[in-house]
Amino acid sequence: MGTKYPTTQILLATGDCDVKLKVLYCGICHSDLHFIKNEWGMTRYPFVPGHEIVGVVMEVGSKVQKFKVGDKAGVGGIAGSCQSCDNCSNNLECYCPNLIVIHGSTYHDGSITYGGYSDIMVADEHYVVRIPDKLPLDASAPLLCAGITVYSPFKYFGFDKPGMHVGVVGLGGLGHLAVKFAKAFGVKVTVISTSPSKKKEAIENLGADSFLVSRDPLQMEAAMGTMDGIIDTVSAIHPLLPLINLLKSHGKLVMLGAPEKPLELPVFPLLLGRKTVVGSSGGGMKEMQEMIDFAAEHNITSVH
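So, how was this worked out
- Residues numbered from 1 in each chain as written.
- Predicted model: local features only at pLDDT ≥ 70, side-chain atom pairs only at ≥ 80, totals over all residues.
- Heavy atoms only, no water.
- UniProt positions renumbered as here; feature names shortened; annotations may be inferred.
- Helix = DSSP H or I, 4+ residues; strand = E, 2+ residues; numbered from the N terminus.
- Salt bridge = Lys/Arg side-chain N within 4 Å of Asp/Glu carboxyl O.
- Buried < 20%, exposed > 50% of the residue type's maximum accessible area, 1.4 Å probe, protein only.
- Patch = residues over 30% accessible without salt bridge, like charges linked within 9 Å, V, L, I, M, F, W, Y side chains within 5 Å.
- Areas by Shrake-Rupley, 256 points an atom, 1.4 Å probe, with all protein chains shown as cover.
- Contact = heavy atoms within 4.5 Å.
- pLDDT = per-residue confidence, 0-100.
- Pairing = 2+ DSSP bridges.
- Axes fitted to C-alpha atoms, helices over the stretch in contact; angles between N-to-C directions.
- Domains from an automatic or database assignment.
- Buried area = accessible area lost by both parts, 1.4 Å probe.
- Polar contact = N/O pair within 3.5 Å; in protein donor to acceptor, adjacent residues only side chain to side chain.
- Nonpolar A, V, L, I, M, F, W, Y, C, P; charged D, E, K, R; others polar.

### Section: the UniProt feature "domain: Alcohol dehydrogenase-like C-terminal" (unreviewed entry) in the protein
At step 1: As annotated by UniProt and renumbered to match this structure, "domain: Alcohol dehydrogenase-like C-terminal" (unreviewed entry) occupies residues 173-296.
At step 2: For residues 173-296, helix accounts for 40% and strand for 23%, while the C-alpha atoms at its two ends are 18 Å apart.

Written as structure tokens, this is what we have:
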């Protein structure tokens, strides 16, 4: 209480390659809560969260080419990367071993990065995306984390092909966007939740094809071996075996949530069906812009 965070010292200067945004909206992601509480053991205080940042360009550096004053733009979780490793060379800055995240990291000049719960954000133009006019700014902010976090595994693991059957575990910030992207891709999507009360939201409002109550053994047994892939968005401790059993042979369970304690992974059911449990963490800047443009084309925004 009463602490003044030293954020203004890094927000005022605009370098040659920088874009300065007037921050109009910033989403609240579950990882912000993890960081605030230091549940992952990596938070550096004072800490300013926020990595789903959208606004209007106020100022651009002399070498900026992609943006001009007045443009709608956004910044996600990446503040910087080495731009020379294999991942960066393949537009996968999010997997750079020297990744600089938008809050709580040490920037190239030695300063600490602070997030988007601020009036102003300054970022290198490489890590800024253009927000299409068609997208409302308030409802597009969560796309810069939750949106890319679900879009990227759909594309990478081939879950975006019509005819695929994909399960989405959890109907929170990530889950509802996963359902929206799945329907835009033309795939069959089943929401898997512990809460029966979310069935109406999943099917009537978001367009899911079916709904499974994960605590109902009869429902889960009836759906065994029916899914090509599962997007698991849950950030709390939960059993993986029931989800693995839902997969077809060669199916993939993609973990997006990051529980603060290890999950138990049963190996035997993986062997029997050559099934895969894999993680995914956002996407690179090229894919981020692709996702935003796709969302605009298909009218995908967050529910708020």
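### Quick notes on the pattern of salt bridges
Side chains that differ in sign of charge can pair as their charged atoms come close.
At step 1: Using the criterion set out here, one finds seven salt bridges in the structure.
At step 2: Note that Asp-71 is salt-bridged to Lys-68, the shortest N-O span being 3.0 Å.
At step 3: Relative accessible area serves as the criterion here: at 9%, Asp-71 is assigned to the buried category.
At step 4: As a salt-bridge pair, Lys-161 and Asp-160 come within 3.0 Å of each other at their nearest N and O atoms.
At step 5: Ionic contacts of the salt-bridge type, sharing partners, join the residues Lys-68, Asp-71 and Arg-130 into one network.

### What about a nonpolar patch on the surface?
At step 1: Among the surface-exposed residues, Ile-28, Leu-33, Ile-36 and Tyr-117 lie close enough to one another that they form a single nonpolar patch of about 370 Å² accessible area.
At step 2: On the secondary structure map, Ile-36 appears in helix 2 (residues 30-36).

### With respect to helix 5 (residues 146-156)
At step 1: Counting buried positions over the eleven residues of helix 5 gives nine, a clear majority of the element.
At step 2: The complete set of buried residues in helix 5 reads Ala-146, Gly-147, Ile-148, Thr-149, Val-150, Tyr-151, Ser-152, Pro-153 and Phe-154.
At step 3: Where the residues of helix 5 are buried, they touch strand 8 (165-169), helix 6 (173-185), strand 11 (227-232), strand 12 (247-255) and helix 11 (285-297).
At step 4: Once helix 5 finishes, Gly-158 follows within two positions and takes phi at roughly 75°, a positive value.

### Examining the confidence of the model for the protein
At step 1: Considering every residue of the protein, the mean pLDDT works out to 91; 95% of them sit at 70 or more.
At step 2: Of the regions scoring below 50 in pLDDT, residues 1-11 engages in 16 contacts with residues more than four places distant in sequence or in other chains.

### A short note on the sheet that holds strand 8
At step 1: Reading across the sheet, the six strands line up as 10-9-8-11-12-13 and stay open at both edges, with parallel pairing between neighbours. What marks the edges here is a single partner per strand, and that holds for strand 10 (210-213) and strand 13 (276-279). Pairwise comparison of adjacent strand axes, ignoring direction, gives a mean angle of 20° for this sheet.
At step 2: Sheet topology places strand 12 next to strand 13; four bridges connect them, and they run parallel. For Leu-253, the partnering residue across the bridge sits in strand 13 and is Val-277.
At step 3: Each of strand 8 and strand 9 (188-193) is contacted by helix 6, which is oriented at about 165° to strand 9, the strand it contacts most.

### Structural notes on the side chain of His-51
At step 1: Assignment of secondary structure puts His-51 in the loop between helix 2 and strand 2 (53-60).
At step 2: His-51 gets classed as buried once you look at its relative accessible area, which sits at 6%.
At step 3: Setting aside residues up to four positions removed in sequence, His-51 forms contacts with Cys-26, Cys-29, Ser-31, Asp-32, Val-75, Gly-76, Gly-77, Ile-102, His-103, Leu-144 and Cys-145.

### Looking at the domain arrangement of the protein
At step 1: When cut into domains, the protein gives domain 1 (18-144) and domain 2 (147-279).
At step 2: Spacing between the C-alpha centres of domain 1 and domain 2 amounts to 28 Å.
At step 3: For the pairing of domain 1 and domain 2, the buried interface totals around 540 Å² over both sides, and the portion due to carbon and sulfur atoms is 55%.
At step 4: In this assembly, domain 1 and domain 2 are joined by zero salt bridges.
At step 5: At the boundary of domain 1 and domain 2, one finds three residue pairs in polar contact (both at pLDDT 80 or more).
At step 6: Here the residues of the side of domain 1 that touches domain 2 are counted per class, giving four nonpolar, two polar and one charged.

### Topic: the sheet that holds strand 6 (residues 120-124)
At step 1: Within the open sheet, the five strands sit side by side as 6-1-2-3-7. Their pairing is antiparallel. With one partner strand each, in any of the chains shown, strand 6 and strand 7 (128-130) form the two edges of the open sheet. Across the sheet, the mean angle from the axis of one strand to that of its neighbour is 45°, orientation sign disregarded.
At step 2: In terms of strand pairing, strand 1 (residues 18-26) meets strand 6 through five bridges, oriented antiparallel. Each residue of the ladder has a partner; that of Lys-20, found in strand 6, is Val-122.

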